[in-house]
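# Overview (structure and organization)
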Amino acid sequence: MATLLIVHHTPSPNCQAMFEAVVAGATAPGIEGVRVVRRAALSATVSDVLAADGYLLGTPANLGYLSGALKHFFDQIYYPCLDETRGRPFGYYVHGGNDVTGAVRGMESITTGLGWRNAAEAVTVTGEPAKADIEACWELGATVAAGLAD
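None of these values were measured; they are calculated from a predicted model.

Criteria and thresholds
Residues numbered from 1 in each chain as written. Predicted model: local features only at pLDDT ≥ 70, side-chain atom pairs only at ≥ 80, totals over all residues. Heavy atoms only, no water. Helix = DSSP H or I, 4+ residues; strand = E, 2+ residues; numbered from the N terminus. Buried < 20%, exposed > 50% of the residue type's maximum accessible area, 1.4 Å probe, protein only. Contact = heavy atoms within 4.5 Å. Areas by Shrake-Rupley, 256 points an atom, 1.4 Å probe, with all protein chains shown as cover. Lys, Arg positive; Asp, Glu negative; His and termini not counted. Charge placed at Lys NZ, Arg CZ, Asp CG, Glu CD. Axes fitted to C-alpha atoms, helices over the stretch in contact; angles between N-to-C directions. Parallel < 35°, antiparallel > 145°, perpendicular 65-115°, else oblique. Left-handed = near helix turned anticlockwise from the far one by under 90°. Right-handed = clockwise from strand over helix to strand, strands pointing away. Pairing = 2+ DSSP bridges. Expected span 1.5 Å × (residues − 1). Arc of directions from axis to C-beta. Core = buried A, V, L, I, M, F, W, Y, C linked by side-chain atoms within 4.5 Å.

## Brief notes about the overall build of the protein chain
- Along the protein chain, the regular secondary structure elements total five helices and seven strands.
- Sequence-ordered secondary structure for the protein chain, helices as α and strands as β, is β-α-β-α-β-β-α-β-α-β-β-α.
- Expressed as a percentage of the 150 residues in the protein chain, the buried residues total 49%.
- Contacts in the protein chain between residues at least 24 apart in sequence constitute 84% of all its contacts with a sequence separation of at least 6.
- With the model as given, the accessible surface of the protein chain reaches about 6900 Å², and the carbon-plus-sulfur share is 50%.
- Mean positive and mean negative side-chain charge positions of the protein chain (9 and 15 charges, respectively) differ by 5 Å.

## Some remarks on the packing of helix α1 (residues 13–26) against helix α5 (residues 131–149)
- Viewed as axis vectors pointing N to C, α1 and α5 meet at an angle of 40°, and their least axial separation amounts to 6 Å. On the basis of their axis angle, the class for α1 and α5 is oblique. Every pair of crossing elements has a handedness; the one defined by α1 and α5 is right-handed. Across the interface between the two elements, A17, M18, A21, V22, A24, G25 and A26 from α1 touch I134, C137, W138, L140, G141, A142 and A145 from α5.

## A short note on the pairing of strand β5 (residues 89–96)
- Buried residues dominate β5, accounting for eight of its eight residues.
- Alternating residues of β5 divide into P89, G91, Y93 and H95 and F90, Y92, V94 and G96, and every residue in both groups is buried.
- In terms of handedness, the path from β5 via helix α4 (residues 101–114) over to strand β6 (residues 117–118) forms a crossover that is right-handed.
- Bridge count between β5 and strand β7 (residues 123–126): four bridges; the pairing is parallel. The partner of V94 across the bridge, within β7, is T124.

## Looking at the side chain of T111
- You can see T111 is positioned in helix α4.
- Other than its neighbours up to four places away in sequence, T111 contacts L57, F74, F90 and W116.

## Here we look at α4
- Along its 14 residues, α4 runs 20 Å from first to last C-alpha, staying within 8% of the 20 Å computed at 1.5 Å per residue.
- All of the buried residues along α4 are G102, A103, G106, M107, I110, T111 and L114. Projection of α4 onto a plane perpendicular to its axis shows the buried side chains occupying an angular sector of 150°, all on one side. Away from its buried face, by an angle of more than 90 degrees, α4 presents the exposed residues R105, S109 and T112.
- Looking at the buried side of α4, the elements it contacts are β3 (54–62), β4 (65–66), α3 (68–81) and β5.
- Immediately downstream of α4, the backbone of G115 shows phi near 80°, a positive value.

## What to know about the nonpolar core
- The biggest cluster of nonpolar side chains holds 27 residues, and the ones touching the most others in it are L57, F73, F74 and W116.
- Going through the elements one at a time, β1 (2–8), β3, α3, β5 and α4 are the ones with two or more residues in this core.
- The dominant element in this core, judged by the number of residues it contributes, is α3, at six residues.
- Ignoring any residue separated from it by four or fewer positions in sequence, one finds W116 in contact with V49, Y55, L57, F74, I77, T85, G87, R88, F90 and T111.
- Counting 24 residues, the second largest nonpolar core, distinct from the first, contains A2, V125, L140 and L148.

Nothing here speaks to function; it is all geometry.
This is the structure we're talking about:
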């Protein structure tokens, strides 16, 4: 059975709504053979990353960058996971009050350095997530999980 690791920092109701939609998509009844593991960014470990076959990452954009919690996650796992996880699929979502550009740039830079393969279009939202944004998060979760089920 494949394992999808969802690593998130969810400090606000908007991030929570996006996270819940991603989880709902990843655990949709039609997706079989994928175990979904959820970890808060400050709790996720090297072992979690090495044990997973793919990743979904979620963060708010704080002060123009990834949240400190998600950056800490990457700082902890980067070198121990660098060679072992190359080519693994991932997707991500970012929520910001008014701009997510720096957070997206950081996410792309770090995951490119890790050699991870983007498996779905990122979901980026500023302000309160609209219905279409929540649906896009559901699709993100379902797409990455279904890719592991193949």
